[in-house]
Amino acid sequence: MKILKTIGLAALGATMLAGAAAAQEYTIGVSNTVQGNGWREEMICAIKAQALASGKVKALNIAHRNTDAAGQLEDLRNLISAKVDAIVVNPADPAGIQAALAEATAAGITVVAVDQTVTEPTAYIISNNQEEYAYLGAKWLFETIGGKGSVVYMRGAAGASADSDRDKGFKRALAEFPDVKVAQEVFTGWQQDQGKQQILDYIATGVPFDGIWTSGIDNVIVDALVESQATLVPVVGADNAGFVGQLNSVEGLKGAAVTNPGSIGGAGVTLAIQILDGQKPAQQTVLVQPELWENVTDAGKEKLKAAADPSLSPEWPVSISIPDWTTYTKEQIVACKGPGE
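Note that the structure is predicted; figures quoted are calculated from it, not measured. (Residues numbered from 1 in each chain as written. Predicted model: local features only at pLDDT ≥ 70, side-chain atom pairs only at ≥ 80, totals over all residues. Heavy atoms only, no water.)

Points about the packing of helix α3 (residues 69-81) against helix α4 (residues 98-106)
The geometry of α3 relative to α4 is characterised by a closest axis approach of 9 Å and an angle of 10° between their N-to-C directions. Put simply, α3 runs roughly parallel to α4. In this structure, α3 contributes Leu73, Leu76, Arg77 and Ile80 to the contact, and α4 contributes Ala99, Ala100, Leu101, Glu103 and Ala104. Counted by class, the contact of α3 with α4 contains seven nonpolar, no polar and two charged residues. (Axes fitted to C-alpha atoms, helices over the stretch in contact; angles between N-to-C directions. Helix = DSSP H or I, 4+ residues; strand = E, 2+ residues; numbered from the N terminus. Parallel < 35°, antiparallel > 145°, perpendicular 65-115°, else oblique. Contact = heavy atoms within 4.5 Å. Nonpolar A, V, L, I, M, F, W, Y, C, P; charged D, E, K, R; others polar.)

Shown next as structure tokens:
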């Protein structure tokens, strides 16, 4: 009888373990509102790769399209109706989608915002420090042009919290350099073609300028300067593969890349899984701090040379992973395959 009882307990224990393992297989919903942008595409691939590498995600339910806050509100409510375990969201407008995020939390769904902040207090946030991103690049630019002159300020998407945070950082740096003026301020919408046309239009006016700060639409701006035979003024951008390559190779170009990894999407999956597993972070917001790589000093050139990766899409950040937050391989993020694909 003791043997039978032992076998019965062992079988029960195995069943319980199997049940626990099954309970750890999560379905994660994803909501993103910018398609065709290299940074966002890398973000989606990082989400897929980390979900696969984690071994804890059985399925992803991805809403990935060009839309506004109203469209994202609809997408989020569809994910809630699908009863996903968690939602990883890159918000179009923090206030515009707050109602849906609150509804998700009320339904027992874990909400993690990546890349940008949200106003819903129950949501968790893991983001690149957008204000510091802008401040580092703008300060370097203003110092590089000698603390005086005019710059073209090429922002992201109006209403996006990342753009608003970057605007704070840019203006914080601007306040430190009273002799630097903004010659032109435009919203690129984080679209390559739009940004390139905007700088070409401004070059065509013949109004001189001394530098360009971009919100990550950068390699096409350098292309525009070269193609129009304009003066190669200093340019600040992100750590996109194409721009990093230009900083290493375009003769006469001075510039700086500020890190802003799209792999933050994978970090969002990790955070969501940790919360679902009962490991909530000490704080509601986790910020990844940026670095600046410039091509003016020998040390900066070495960093850019080490970071360069011509095998990546020119619009993809070279920071394809984030220490302590992503565990996939380069091959996995490039393959862009999630669980079941």
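That was the structure; now back to the text.
Examining the pairing of strand β2 (residues 57-64)
Bridge count between strand β1 (residues 26-32) and β2: seven bridges; the pairing is parallel. The residue of β2 that forms the bridge with Ser31 is Ala63. With helix α2 (residues 38-54) bridging β1 and its parallel neighbour β2, the resulting β-α-β unit is right-handed. (Pairing = 2+ DSSP bridges. Right-handed = clockwise from strand over helix to strand, strands pointing away.)

Notes on the side chain of Glu42
Positionally, Glu42 belongs in helix α2. Buried Glu42, no salt bridge; nearest opposite-charge side chain is Lys330, N-O distance 10 Å. At 3.1 Å, the side chain of Glu42 forms a polar contact with the backbone nitrogen of Gly262. At 3.4 Å, the side chain of Glu42 forms a polar contact with the backbone nitrogen of Ser263. Look past the residues within four positions of Glu42 in its chain and what remains in contact with it is Pro261, Gly262, Ser263, Trp316, Pro317, Ser319, Ile320 and Ile333. (Buried < 20%, exposed > 50% of the residue type's maximum accessible area, 1.4 Å probe, protein only. Lys, Arg positive; Asp, Glu negative; His and termini not counted. Salt bridge = Lys/Arg side-chain N within 4 Å of Asp/Glu carboxyl O. Polar contact = N/O pair within 3.5 Å; in protein donor to acceptor, adjacent residues only side chain to side chain.)

A word on α3
Helix length check: α3, at 13 residues, gives a terminal C-alpha distance of 18 Å against a target of 18 Å (1.5 Å per residue), a fit within 8%. Of the positions making up α3, those classed as buried are Ala69, Gly71, Gln72, Leu73, Asp75, Leu76, Leu79 and Ile80. Packing partners of the buried residues in α3 comprise β1, β2, β3 (86-89) and α4. Measuring from the backbone nitrogen of Ala70 back to the side-chain oxygen at the start of α3 gives 3.3 Å, which picks out Asp68 as the cap. Following α3 by one or two positions, Lys83 has its phi on the positive side, about 60°. (Expected span 1.5 Å × (residues − 1).)

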